[in-house]
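Residues per chain, in single letters:
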Amino acid sequence: MLLAGLPTLVVCLAAYGPVVPAWDELEVVSPEEVGWSFERLQAFDEAAAKLGYTAVMLAYDGKVFHEWGNSTYNYRCHSIRKPFLGALYGIHVARGEIDLDATLKTLGIDDIPPRLTAEEKTATIRQLLQSRSGIYHEAAAETEGMSAARPARGSHAPGTFFYYNNWDFNALGTIFNHLTGLGVFEAFEKEIAIPLGMQDFAPANCEYQLEAEKSMHPAYSFRMSARDMLRFGILFQQGGTWRGQQIIPKDWIEESTQTYSIEDAASGVGYGYLWKTIPAGSPAAQALGASAYLHTGLGVHSLVIVPELKLVVVMRFDTDGAWEDPGAEGDALPFLLMSARL
């Protein structure tokens, strides 16, 4: 499958009638007004129901042209937590509070035994953002697959090898708190959620996942609704501005969504700073018709920004209880989505 590993970009229509605004602040338009075929999108309704998706929202240039399902429920975000922290880093780097080339040694970052080696402590914040730290210590919130694929300690020097590494991601939360004096969730509320008018987000719905037997650095687990996640995606699609206010520096968005590593050789999907990337010219970009950047959660939650198409896609799945991974059927749906464009 050419796009294996990409998010399932599903469009579902609960009723084939006019789109009803979810809130007053965002303009709502029909698919045809922004270059999408309402009739072609109808095929996704049945597909989404069969695969178990629970909420989907689409926006073109900040305008909502599709909303389906429960867009107000605060779903678990899983790995989509990473772009949220990345946005906070961009804000505080611009303020001069974070130096991306500071090393773990200078920051005083370590972990439980077996502690970090002298070489591991030469890793920089930038390398952690790129998931290229070379630190293969156990980490909270690792999946079985991540644990199995984790390289041996000391097998790669910092900056020389990409491995999708929860240790890097979790330590970035600790470092953010250390350098700014702010909790991740409280900072997100103040710096992003309130300025964007998020309706459902609250720090009380989020939690730190500490697995003390593995690491002293907890995972920062976000919960967020589809409509709030859509606002976050629109913020990036609009170059970091919201209602004329620069929330995230535009140059940070450009820097953080560049491709620094190739994560999947077959599709060409890469990694930037806490974002997956679909670089121009890659097989994935050719299949989608444009380059993009995105993040997924357990392969079913998706936040996708396609700058050339001015498109933001949010897809949610109820992963709180028992659920079934749609697998290859889900991987095939991006082709159908893009065929719905006029």
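Structure report, in brief. (Residues numbered from 1 in each chain as written. Predicted model: local features only at pLDDT ≥ 70, side-chain atom pairs only at ≥ 80, totals over all residues. Heavy atoms only, no water.)

With respect to helix 3 (residues 81–94)
Helix length check: helix 3, at 14 residues, gives a terminal C-alpha distance of 21 Å against a target of 20 Å (1.5 Å per residue), a fit within 8%. Burial of helix 3 is extensive: 12 of the 14 residues sit out of reach of the surface. Within helix 3, the full set of buried residues consists of Arg81, Lys82, Pro83, Phe84, Leu85, Gly86, Ala87, Leu88, Tyr89, Gly90, Ile91 and His92. Gly96 sits one or two positions beyond helix 3 and adopts a positive phi of about 80°. (Helix = DSSP H or I, 4+ residues; strand = E, 2+ residues; numbered from the N terminus. Expected span 1.5 Å × (residues − 1). Buried < 20%, exposed > 50% of the residue type's maximum accessible area, 1.4 Å probe, protein only.)

Here's the deal with the packing of aromatic side chains
For the structure shown, the criterion picks out 25 aromatic pairs. Their ring planes at 85° and their centres at 5.0 Å tell us that Tyr53 and Phe317 sit as a pair that is edge-to-face. On the criterion of sequence distance, the pair formed by Tyr53 in strand 1 (residues 53–60) and Phe317 in strand 14 (residues 311–317) is long-range, its members being 264 residues apart. Note on accessibility: Tyr53 and Phe317 belong to one class, buried. A ring pair is formed by Trp275 and Tyr293, whose centres lie 5.0 Å apart and whose planes are at 80°; its orientation type is edge-to-face. With Trp275 in the loop between strand 10 (269–271) and strand 11 (276–278) and Tyr293 in strand 12 (residues 292–297), this pair connects stretches of sequence that are 18 residues apart. Taking the relative accessible area as the measure of exposure, Trp275 reaches 1% and is therefore buried. Grouped by ring-pair contacts, the aromatic residues Phe84, Phe185, Phe188, Phe201, Tyr208, Phe222, Phe232, Phe236, Trp275 and Tyr293 constitute a single cluster. The ring of Tyr220 has Arg81 lying over it, and the distance from NZ or CZ to the ring centre is 4.4 Å. One residue, Lys276, lies across the ring of Tyr164, its end atom 4.9 Å from the ring centre. (Phe/Tyr/Trp six-rings, centres within 6.5 Å; stacked < 30°, edge-to-face > 60°. Lys NZ or Arg CZ within 6 Å of the ring centre and 35° of its normal.)

Considering the pattern of salt bridges
By the definition in use, this model includes 10 salt bridges. Across the pair Arg126 and Glu255 runs a salt bridge whose closest N-O atoms are separated by 3.1 Å. With a gap of 129 residues between them, Arg126 in helix 5 (residues 125–129) and Glu255 in helix 10 (residues 250–256) connect regions that are remote in the sequence. We classify Arg126 as partly exposed; its relative accessible area is 22%. Residue class for Glu255 comes out partly exposed when judged on its relative accessible area of 24%. Among the ionic pairs, Glu211 bridges to Lys214, the shortest N-O distance being 3.0 Å. (Salt bridge = Lys/Arg side-chain N within 4 Å of Asp/Glu carboxyl O.)

Geometric values such as these leave the question of function open.
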